Amino acid sequence: MTEQDRVTVNDPRGPVNNGAGPQYVFYGAGADWMIRKGVESLRIVREDRMRLADRFVPPVGYRVAADCLEKPGSVVLLEAPPGSGRRAAAIMLLHELGEDGGANDEGGRFEEFPATDEDEAPLAPGEGDRFLLDLSGIADEEAYAKAQRHLAVRRSQVQEAGAHMVVVLPSGMEHAHAPDLQPHTVTLGRPRGVAVVTRYLRMDRMTFRPADLGRADLQRLYDNSPMRELARLAGLVRAARDSGRLGADFAGWLDQALHAVTDRAGEVGRQVATVRTAPERALLLATAVFEEAHADTIYEAWHGLMWTVRHEEETTTELARTDFGERLAALGIERDPDGRLRFGQLAYADAVRTYFWANFPGTREDLRDWIGRVAGLRGLTADDRVNVVVRFGERSLDVGRPDHLFDLVVRWADSATGASCDPRAMAALELGLSHERFGGWFRRRMYECARSGPLSDGLARVLTVACRQSLGATHPNQAMVRLHYLAVRKGKAAPEARAALLDLGSRNRRLYRLLIDRLRDRTRQEPRRAEPHLRLLMELLRSDRAPDPAPWPDLYLGWETVFSQPSTDLWKPLVISWLTAAAGDSTRETALGVMVGAANGRAVALNRLYAIACDWAGNARHPSRAAAVAALLWQHIDHAQYARMESTKCAGTGPRTTEDA
């Protein structure tokens, strides 16, 4: 091979598909969690889209769809076979329209709609916003008809706002498409498989020749495998290289990866067929779930599994039984010099886990209970625990049991002590929220938990952190709804939810406006239970929470709601925050007139503003500037009172009493 034949990439840029498997970034209380590759991710935050942009091969028809999407208010519906990278294409179509907006920009938003209306989260699209609606998981006509009704509403909102939307249509439902969808529909073909694999390998800085990817067995994968399988193949080539023990060159690494993709399921099936006893099968599964953990810990987990499935211990002493090392060797399990266990073959543990969850359905609840207990074994490192949670979660989601994963979220969260979140519960919930098929299911469960029913402080904290770090990035409107319910509940975790809600609401002008509107509505709709909503509103309206430049119309509406309520001591920090802001920045003096305008017509409120300003000016560190700001506020109050007196005279009525106000 000449140097000219070799392909080396040091700083790749360009179009590709969605990565060597999706990434999960887990967050715990004060800890950054490991990146995990597995089930396709729902996340479409900017960092993930940038990674996707580096790994995307445009499918046939992509340019047609891009041209249709350019005009503001445009909606494009994608029709493509499963496994063709249709979701990745939809995300990239929207991503390539432009940059994300900043904190104070009205446009530039990038979010995913739920397939159906899940809760009361508002939409409020703005010009330049970009939305993804993935209907590919719908499998029956009734659900699709309902989804199309929601689609019609969203289409209208997006078009009126000058936003953009891409919809991924379900496969096999062409006969049920509404006729008015056809003009907006673009059919995508399958990307070239060899181009996809090539791009993945280049992004992993693999050194290879184009001829290395021309094998006949690879061509069958290029032509038939889903894009995620081609991504997995490339990821396994990298894993073989990085292992340092599975081949010495690209050809050897590629052979290992191909065997893992094409042969592992059959190999595991044959091994399980020859391993007939419960202890051996339990050890095989325990090692697959806890691979890379220490042998003593896996030994403990193995016995825990046998106890969970109610296997009776042998009556003989352990010294009279087959020793642990001999059992491991018989199953092809290796022990490294550090005492950690692993299978000798690439991706064998994945195949073992998949086989047991698929072929022993009656044990799934037992496996859930087993993981619930042993994921906290003392011998596990933090990474070990997250590995175990994700491996269990992947298999549970793959067989359609998201409830098993959420059961463990609740169990671990409920058992947490102190003010910290259980990292296992966080990892499990993050995985569920990031799942393409079941992300909506987990969002609904969070909504149900936050809105009603008993809720432990531990679970409330986990839901709060998930809203702040995960849902707040992908579905901020829905995160706001859930955090609001958590913030007004009783319990030790409520202050954390309140802080998270206010931080989310202060993120940009759109969210700030939405939260003001939501708190105002709740204050009016629930007058007997208005206090917690009103407290949140007053905190949100403080000067240090408001975007810069300040959104005066939104502040006016918020202050009007506050000043319409009976005066409380909570008014004082709100008003003082703006007096102080005006003293330090003349551009914020507008707040004085806006506040007085919001209180106009309410003598008690105006008197209270006057008294607060007097007290503040008398205790200020810089008396001259404070006196000037207070005098300006008093002028606004005098003007408002004079104007009201004049309007009262013109109306031919006497002055209103305090009770009338």
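These numbers come from a predicted model, not from an experiment.

Here the focus is the overall build of the chain. Looking only at helices and strands, the chain features 28 helices and 9 strands. The proportion of buried residues among the 661 residues of the chain is 52%. Within the chain, counting contacts between residues at least 6 apart in sequence, those at least 24 apart form 74% of the total. Split by element, the accessible area of the chain, about 29,400 Å² in all, is 50% carbon and sulfur.

Right, let's get into the environment of Q641. In this structure, Q641 sits in helix α28 (residues 623-651). It is 8.7 Å that separates the C-alpha atoms of Q641 and L606, two residues lying 35 residues apart in sequence. For Q641, the residues in contact, after removing those within four places along its chain, are L606 and N607.

This part takes up the nonpolar core. In terms of nonpolar packing, the biggest core is built from 131 residues, with F290, W370, L429, W559, F563 and W578 touching the most fellow members. In this structure F563 touches W571, M595, A598, A599, R602, A605 and L609, once residues within four positions along its chain are discounted. Core analysis: the second largest hydrophobic core is formed by 28 residues, V197, L230, A240 and A260 among them.

Spatial strand order, β4-β5-β6-β3-β7: 5 strands in an open sheet with parallel pairing. For this open sheet the edge positions go to β4 (110-113) and β7 (185-187), each flanked by a neighbour on one side alone. Across the sheet, the axes of successive neighbouring strands diverge by a mean angle of 25 degrees, strand direction being ignored. Examined bridge by bridge, strand β3 (residues 75-79) and strand β6 (residues 164-168) share 4 bridges and lie parallel to one another. Residue pairing for β6: L78 is matched across the bridge by V168. The strands touched by helix α2 (residues 62-69) within the sheet are β3, β6 and β7, with β3 carrying the most contacts at an inclination of about 160 degrees.

To continue, consider helix α14 (residues 364-374). Where burial is concerned, most of α14 is hidden: 8 out of the 11 residues are buried. Every buried residue of α14 is listed here: R364, D366, L367, R368, W370, I371, G372 and V374. At its buried positions, α14 is contacted by α10 (278-290), α11 (295-308), α13 (348-359), α15 (382-398), α16 (402-414) and α17 (423-433).

This part takes up the side chain of D554. Looking at the secondary structure, you find D554 in helix α24 (residues 552-563). Other than its neighbours up to four places away in sequence, D554 contacts R513 and I516.

Geometrically, the link from D548 to P549 is a cis peptide bond, its omega value of 5 degrees lying close to zero. If you check the backbone angles, R205 has positive phi at about 60 degrees while not being a glycine. Considering the arrangement of structural elements, one finds R205 in the loop between α5 (193-203) and α6 (216-224). In this model, E292 sits at a positive phi of 80 degrees, which is unusual for a non-glycine residue.

Position of E280 among the secondary structure elements: in helix α10. A C-alpha to C-alpha distance of 8.9 Å links E280 and L328, two positions 48 residues apart in sequence. Setting aside anything within four residues of it in sequence, one finds E280 in contact with V275, R327 and L331.

In this fold, A257 is placed in helix α8 (residues 250-262). We classify A257 as buried; its relative accessible area is 0%. Spatially, the C-alpha atoms of A257 and R238 are 8.7 Å apart, while their sequence positions differ by 19 residues. Not counting residues within four places of it along the chain, the set of residues in contact with A257 comprises L233, L236, V237 and L346.

Attention now moves to the packing of aromatic side chains. Counted by the stated rule, this structure contains 19 aromatic pairs. A cation over a ring is seen here: R154 above F113, with NZ or CZ 5.3 Å from the ring centre. The aromatic ring of Y485 is capped on one face by R518, whose charged end is 5.5 Å from the ring centroid.

This model, assessed by the stated rule, comprises 38 salt bridges. With its nearest N and O atoms 4.0 Å apart, the salt bridge here joins R542 to E539. When salt bridges with common partners are traced through the structure, they connect R109, E111, D129 and R510 into a single cluster.

Time to look at the packing of α17 against helix α19 (residues 457-474). Packing of α17 against α19 brings their axes to within 10 Å, and their N-to-C directions diverge by 45 degrees. On the basis of the axis angle, α17 is oblique to α19. In the packing of α17 onto α19, the handedness of the crossing is right-handed. Across the interface between the two elements, A425, M426, L429, E430 and L433 from α17 touch V462, L463, V465, A466, Q469, S470 and L471 from α19. Of the residues belonging to the contact of α17 with α19, the class tally is 9 nonpolar, 2 polar and 1 charged.

Where α13 contacts α15, the two axes come as close as 10 Å, and the packing angle between them is 45 degrees. Classed by the angle they form, the pair α13 and α15 counts as oblique. For the pair α13 and α15, the crossing hand works out as right-handed. From α13, R353, T354 and W357 reach across to α15, where they touch R391, F392, R395 and S396. Residue classes in the contact of α13 with α15 are distributed as 2 nonpolar, 2 polar and 3 charged.

Our focus in this paragraph is the confidence of the model for the chain. Mean pLDDT for the chain: 87, with 89% of residues reaching 70 or above. Low pLDDT, under 50, characterises residues 1-43; the stretch is placed with 150 contacts to residues that sit more than four places away or in other chains. Counting interchain partners and residues more than four positions distant, the pLDDT-below-50 stretch residues 653-661 has 10 contacts.

A word on the pairing of β4. Neither face of β4 is open: one carries F110 and E112, the other E111 and F113, and all of them are buried. In terms of strand pairing, β4 meets strand β5 (residues 130-134) through 4 bridges, oriented parallel. Paired with E111 across the bridge in β5 is F131.

Thresholds applied
Residues numbered from 1 in each chain as written. Predicted model: local features only at pLDDT ≥ 70, side-chain atom pairs only at ≥ 80, totals over all residues. Heavy atoms only, no water. Helix = DSSP H or I, 4+ residues; strand = E, 2+ residues; numbered from the N terminus. Buried < 20%, exposed > 50% of the residue type's maximum accessible area, 1.4 Å probe, protein only. Contact = heavy atoms within 4.5 Å. Areas by Shrake-Rupley, 256 points an atom, 1.4 Å probe, with all protein chains shown as cover. Core = buried A, V, L, I, M, F, W, Y, C linked by side-chain atoms within 4.5 Å. Pairing = 2+ DSSP bridges. Axes fitted to C-alpha atoms, helices over the stretch in contact; angles between N-to-C directions. Phe/Tyr/Trp six-rings, centres within 6.5 Å; stacked < 30°, edge-to-face > 60°. Lys NZ or Arg CZ within 6 Å of the ring centre and 35° of its normal. Salt bridge = Lys/Arg side-chain N within 4 Å of Asp/Glu carboxyl O. Parallel < 35°, antiparallel > 145°, perpendicular 65-115°, else oblique. Left-handed = near helix turned anticlockwise from the far one by under 90°. Nonpolar A, V, L, I, M, F, W, Y, C, P; charged D, E, K, R; others polar. pLDDT = per-residue confidence, 0-100.

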